[in-house]
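Structural characterization, general
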Amino acid sequence: MTALRIVAVAVLYYVSGRLGLLQQFMRGQVTPLWPPTGIALAGLLLFGLRVWPGIALGALLIDVPLGPTTPAVLAITAGNTLAPLCSYALLRRSGFRIQMNRLQDALALVFLGALIGMLISATVGSSSLSLAHALPTGGFWLTWWVWWTGDAMGVLLVTPLLLVLRSARWPKDIPRSGWAEGSLLVAATIGVGLLETFPAPLLFLGFPLLTWAAFRFQRAGAMPCALAVSTFAILAVTRRAGPFAGHTLLTDMISLQAFNGAAALTALLLAAAITERNQTQSKIEEACRRLSEMVARAAPDTDGPPVLPNPQGDGGENGGQTRAS
């Protein structure tokens, strides 16, 4: 079973990496969204440390045709393997739950899993390309920024989606209204995505959709919606269209990643907060129900007439008046 999981992680890492490279803006693994980091971290959270060879193998298969030199390939592979391992260790120490049913779990994933853990891959990768003279003059910090934010976005968008898919159960007896609402949400998300080549104000129509998805469907609806909105934005930039294109590469990347980060955080944090609120409300209702049952069982039987005590004792019909006259 472990061997199969290692192979599965390696295959998913490689396939998602090849798809991610279609969006690259600079040499190598420098894309605004790098899905393999999300797959790697999700694999570690679901299956444990034993699947790390799959991460290393998938990263190596991607790096070999891209790396300028053998030492650079090995260094980039090591960085891409160590980054999710670091994120996994930090999340485990923080008490992270893969159900992500608490706001603190979402915050841990943002700060520990994405922002801190992915510093390793960005630093090692950019340094390796720089030492191999594979970067233009003065391009180190731009490469580092795009690499770090791309890896972080992979964690923020892909890892929660895989975790929720792993634990999701198809609900039974979905009413027609539920199907209609879900279909309308999907259609609206696609419609907003198609507008991403238009002026920037239209892009923010996606945030009401993210809020709607989080309130009605929690993570199961919010995370796919956020991934779709971000993917449409990235595709627009790769075509040099939309409000995030047409400027310098640094300006385009900052604007694009600010939008994608806002979408991911809105979906992730809002869905986690609503899930935690709903669970707390359910626990309160269950406690009230049990308390009501306990009170009902402890209440005296009131079917018959009440029996009142005789304040004058049990001396017969005349009570305590039994003295001789």
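Residues numbered from 1 in each chain as written. Predicted model: local features only at pLDDT ≥ 70, side-chain atom pairs only at ≥ 80, totals over all residues. Heavy atoms only, no water.

Concerning the packing of aromatic side chains
All told, the structure shown has five aromatic pairs when counted by the stated rule. For the pair Trp 144 and Trp 148, a centre-to-centre distance of 5.4 Å together with 25° between the ring planes defines the contact as stacked. Of this pair, Trp 144 and Trp 148 both sit in helix 7 (residues 140-167), four residues apart, which is roughly one turn of that helix. Across the pair, exposure class does not vary: Trp 144 and Trp 148 are buried alike. Aromatic rings pair up to connect Phe 140, Trp 141, Trp 144, Trp 145 and Trp 148 into one cluster. (Phe/Tyr/Trp six-rings, centres within 6.5 Å; stacked < 30°, edge-to-face > 60°. Helix = DSSP H or I, 4+ residues; strand = E, 2+ residues; numbered from the N terminus. Buried < 20%, exposed > 50% of the residue type's maximum accessible area, 1.4 Å probe, protein only.)

Some thoughts on unusual backbone geometry
Although it is not a glycine, His 133 adopts a positive phi angle of roughly 60°. Examined against the element boundaries, His 133 turns out to sit in the loop between helix 6 (119-131) and helix 7. For His 133, a relative accessible area of 72% puts it in the exposed group. We note that Gln 218 has phi near 55°; this positive angle belongs to a residue other than glycine. Tracing the backbone shows Gln 218 in the loop between helix 10 (206-217) and helix 11 (219-238).

A look at the pattern of salt bridges
Under the defined criterion, the tally for this structure stands at five salt bridges. Arg 289 is the salt-bridge partner of Glu 286, the closest N and O atoms lying 2.4 Å from each other. Within this pair, Glu 286 and its partner Arg 289 are both found in helix 12 (residues 249-298), separated by three residues, close to a single helical turn. Judged by its relative accessible area of 40%, Arg 289 falls in the partly exposed class. The network of salt bridges with common partners includes Glu 286, Arg 289, Arg 290 and Glu 293. (Salt bridge = Lys/Arg side-chain N within 4 Å of Asp/Glu carboxyl O.)

Some thoughts on the confidence of the model for the protein chain
Chain-level statistics for the protein chain give a pLDDT mean of 84 and a share of 84% at 70 or above. For the stretch residues 315-325, pLDDT sits under 50, and the model shows three contacts to residues farther than four places along the chain or on other chains. (pLDDT = per-residue confidence, 0-100. Contact = heavy atoms within 4.5 Å.)

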